[in-house]
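Structure assessment
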Amino acid sequence: MTTVAYQGEPGSNSATVAQALFPQGREFPCTGFEQALDAVTLGDADVAVIPVDNSAAGRVADVHHLLPESGLFIVAEYFLAIRFDLMGVSGTSFDQVECVRSHVHALGQCRKVLREGGWRTLVSDDTAGAAREVAELGDPRHAALAPPAAARLYGLEVLRSEVEDDPDNTTRFVVLSRDPRLAPDTGEPTMTSLFFCVRNIPSALYKALGGFASSGVNLTKIESYQMGAGLNPSRFYVEIEGHPDEPRVALALQELRFFSSEVRVLGTYPAHPHRLEGRAG
């Protein structure tokens, strides 16, 4: 049985992804991203399911700072359509609500209904945790923005369903493991994630990335991180389409290493079907 660590409580979006990917797995809820990663590093869990970015709210900043130092490897990705319901204790009416609780990202993704209600908001550590808090309070003046599963889990009544601002709201999750589990080069769509630190020379980033352009390798993401204070070279997180064993990708990585002081491949894994659906649309 696979033990799956995730940040949040049962009923959260992370729990939903864990159940989808590992339906026979044992859930290992954690209070934070760092605790979830540590659970895998220390052997308390086999894998961690972690959100990395959202189509509306952008990247989950804490995760990208933790990944390089975790020593873990990305072995899979998963895109989840995000749905939030406004929920309260049984018998609550929409007009009774005075305060809405949720995670800060969920509050930011449901601004329209919050403006309509004119409610004050309280930030919770987790969306499902907000639902649990409302259930424990038993006060019709308090409601939660949480995934539909949380209402069923904590016995709450849905006051309004699917209140997210963007109907295409999607969060990308990655699965992290202690072992690399490099996906074989089968010709199927593949993603590779890596970190690199450029050498402290003029135009280093331009030169480091030039190999991807000349080799026809598509970069789907590039983000920079300043390491320490002062004028130290930045570290970059990159995601590319392709497998390191492909000649064009291998050539691009060779050029990247020449202009970098450090290159670390975090994982090579199958591209989730959502990527192809988005491209087809």
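For every chain, the first residue of the written sequence is number 1, and numbering continues from 1 along that sequence. Residues qualify for local features only when their pLDDT is at least 70, as the model is predicted, and side-chain atom pairs are given and counted only at 80 or more; totals for whole chains, interfaces and linings, by contrast, use all residues. Hydrogens and water are ignored here; the side-chain numbers use all heavy atoms of the structure.

This paragraph deals with the pairing of strand 12 (residues 190–198). Each residue is assigned to one of three classes by its accessible area relative to the maximum for its type, calculated with a 1.4 Å probe on protein chains only: buried under 20%, partly exposed between the two thresholds, exposed over 50%. Numbering goes from the N terminus for both helices and strands, where a helix is a DSSP run of H or I of at least four residues and a strand is a run of E of at least two. In terms of residue burial, strand 12 counts as a mostly covered element, since 9 of its 9 residues are buried. Burial of the side chains of strand 12 extends over both faces: Thr 190, Thr 192, Leu 194, Phe 196 and Val 198 are buried on one face and Met 191, Ser 193, Phe 195 and Cys 197 on the other. Paired strands, as defined in this entry, are two strands with at least two bridges between them according to DSSP. Sheet topology note: the strand 12/strand 14 (residues 234–241) ladder contains 7 bridges and is antiparallel. By the bridge assignment for strand 14, Phe 196 is matched with Phe 236.

Turning to the pattern of salt bridges, a few remarks are in order. A pair is scored as a salt bridge if a Lys or Arg side-chain nitrogen falls within 4 Å of a carboxyl oxygen belonging to Asp or Glu. Within the structure shown, the criterion is met by 17 salt bridges. Between Arg 83 and Glu 164 there is a salt bridge; the shortest N-O distance is 3.7 Å. Separated by 81 residues along the polypeptide, Arg 83 in the loop between strand 5 (73–81) and strand 6 (85–88) and Glu 164 in the loop between strand 10 (157–160) and strand 11 (170–177) bring together distant segments of the chain. Relative accessible area serves as the criterion here: at 26%, Arg 83 is assigned to the partly exposed category. It is possible to trace a salt-bridge network through shared partners that takes in Asp 53, Glu 77, Arg 172, Lys 221, Glu 223, Glu 239 and Arg 275.

Turning next to the side chain of Arg 172. In this fold, Arg 172 is placed in strand 11. For Arg 172, a relative accessible area of 2% puts it in the buried group. Definition of a polar contact: a pair of N or O atoms within 3.5 Å, with one able to donate and the other able to accept a hydrogen when the atoms are protein atoms, and with sequence-neighbouring residues admitted only if both atoms are side-chain atoms. In this structure the side chain of Arg 172 is engaged in a polar contact, spanning 2.8 Å, whose partner is the side chain of Glu 239. Discounting chain neighbours no more than four positions away, the residues touching Arg 172 are Ile 50, Pro 51, Val 52, Asp 53, Glu 77, Tyr 78, Phe 79, Lys 221, Glu 239, Tyr 269 and Arg 275. The contact rule is simple, with two residues in contact once any of their heavy atoms fall within 4.5 Å.

Here we come to the environment of Glu 164. In this structure Glu 164 comes out as buried when scored by relative accessible area, which is 9%. Residues in contact with Glu 164, not counting those within four places in the same chain, are Ile 82, Arg 83, Phe 84, Gln 109, Cys 110 and Asn 169. At 3.0 Å, the side chain of Glu 164 and the backbone nitrogen of Phe 84 are in polar contact.

Our next topic: the environment of Lys 207. Looking at where Lys 207 falls in the secondary structure, it is placed in helix 8 (residues 204–215). Residues Lys 207 and Glu 255, spaced 48 residues apart in sequence, show a C-alpha to C-alpha distance of 8.2 Å. Setting aside residues no more than four positions away along its own chain, Lys 207 makes contact with Pro 202, Glu 255 and Phe 259.

Moving on to the sheet that holds strand 9 (residues 142–146). Taken in spatial order, the 5 strands make up an open sheet running 8-7-9-6-10, and their pairing is mixed. A single partner strand is all that each edge strand has here, and the edge strands are strand 8 (120–123) and strand 10. Taking each pair of neighbouring strands and ignoring which way they run, the sheet shows an average axis angle of 35°. In this structure, strand 6 lies alongside strand 9, joined through 3 bridges in antiparallel fashion. When the bridges of strand 9 are listed, Met 87 appears paired with Ala 144. Against the sheet, helix 6 (residues 127–137) contacts strand 6, strand 7 (99–102) and strand 9, and its axis sits at roughly 155° relative to strand 9. Under this scheme, a helix contributes an axis fitted over its contacting stretch, all axes are lines through C-alpha atoms, and angles between N-to-C directions fall in the 0 to 180 degree range.

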